[in-house]
Amino acid sequence: MMKRLLQVALLAVFLTPTLAQMAEAGPMGRACLASPRKAKSMRLCACIDSVARQSLSRGDQRLAAKFFRKPQRAQDIRQSDARHHETFWQKYKAFGQRVEASCG
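Residues numbered from 1 in each chain as written. Predicted model: local features only at pLDDT ≥ 70, side-chain atom pairs only at ≥ 80, totals over all residues. Heavy atoms only, no water.

*Asks:* Is there a simple way to think about the overall build of the chain in this case?
*Replies:* Summing up its helical and strand segments, the chain has six helices and zero strands in all. Scanning the chain from its N terminus toward the C terminus, one meets helices and strands in the order α-α-α-α-α-α. In the chain, which comprises 104 residues, the proportion classed as buried is 32%. The long-range share in the chain, meaning contacts at least 24 apart out of those at least 6 apart in sequence, stands at 58%. (Helix = DSSP H or I, 4+ residues; strand = E, 2+ residues; numbered from the N terminus. Buried < 20%, exposed > 50% of the residue type's maximum accessible area, 1.4 Å probe, protein only. Contact = heavy atoms within 4.5 Å.)

As C-alpha cells, this is what we get:
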C-alpha cells in the first residue's frame, strides 16, 4: 500500500508541470502536442504556441491548428482565391518564419 502511494505521489510530481503546460496551451500548442510527428517535444510545442499567440489572432490559431491533423487543409487554403484565405496565408507565412527563427 505504501509503495503504491509513493508511486502515485512521484508520478504526480513529474506530471504536474506537464499537465499544467498542456492546460495552458493555446490551440497551436495543443495541436502540436497531439500531433503524430516524432520531432515534437513539450519545449517545441510551447515555443510554437508562444509565437502563435504573438503572431496570429485566436481564429487564425484555430485554423492553423487544423493543419497538424489535416495537412491538405493548408494546401487548400494556400491555393484558394478567397481574399480572407490570402490574408490568412500571408500572416501564416510570417508566423512560420518567426517559428523557424525562435524555435529552431
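*Asks:* What is the right way to look at the layout of surface pockets in this model?
*Replies:* Vacant regions in the atomic arrangement are exposed by a probe of water-molecule size rolled over the atoms. Empty space within the largest pocket amounts to approximately 360 Å³. For the largest pocket, the lining is made up of 17 residues, of which Arg37, Ile48, Phe68, Tyr92 and Val99 are closest to its centre. Counting residues per element, the ones that place at least two in the lining of the largest pocket are helix 2 (27–34), helix 3 (42–55), helix 4 (58–69) and helix 6 (83–103). Broken down by element, the residue count for the lining of the largest pocket peaks at six residues, all from helix 6. Classifying every residue of the lining of the largest pocket by side-chain character gives 11 nonpolar, three polar and three charged. (1 Å grid on protein atoms, 1.4 Å probe; cavity = no way out; pocket = protein on both sides within 12 Å on 5 of 7 lines; lining within 4 Å. Points joined across faces, edges and corners; volume = space filled by probe spheres on them. Nonpolar A, V, L, I, M, F, W, Y, C, P; charged D, E, K, R; others polar.)

*Asks:* Would you take a moment to explain helix 2 for this structure?
*Replies:* Each turn of an α-helix holds 3.6 residues, which means side chains three or four residues apart point in the same direction. Of all the eight residues making up helix 2, six are buried; the element is thus mostly covered by neighbouring parts of the structure. Residues Pro27, Met28, Gly29, Ala31, Cys32 and Leu33 constitute the buried set of helix 2.

*Asks:* Please clarify how the packing of helix 5 (residues 71–79) against helix 6 should be interpreted in this entry.
*Replies:* Axis angle and axis distance: for two packed helices, these are the angle between their axes and the distance between the axes, and together they describe the pair. Running from N to C, helix 5 and helix 6 point in directions that differ by 115 degrees, and their axes come no closer than 8 Å. Contacts between helix 5 and helix 6 involve Ala74, Ile77 and Arg78 from the former and His85, Phe88 and Trp89 from the latter. The class makeup of the residues in the contact of helix 5 with helix 6 is four nonpolar, one polar and one charged. (Axes fitted to C-alpha atoms, helices over the stretch in contact; angles between N-to-C directions.)

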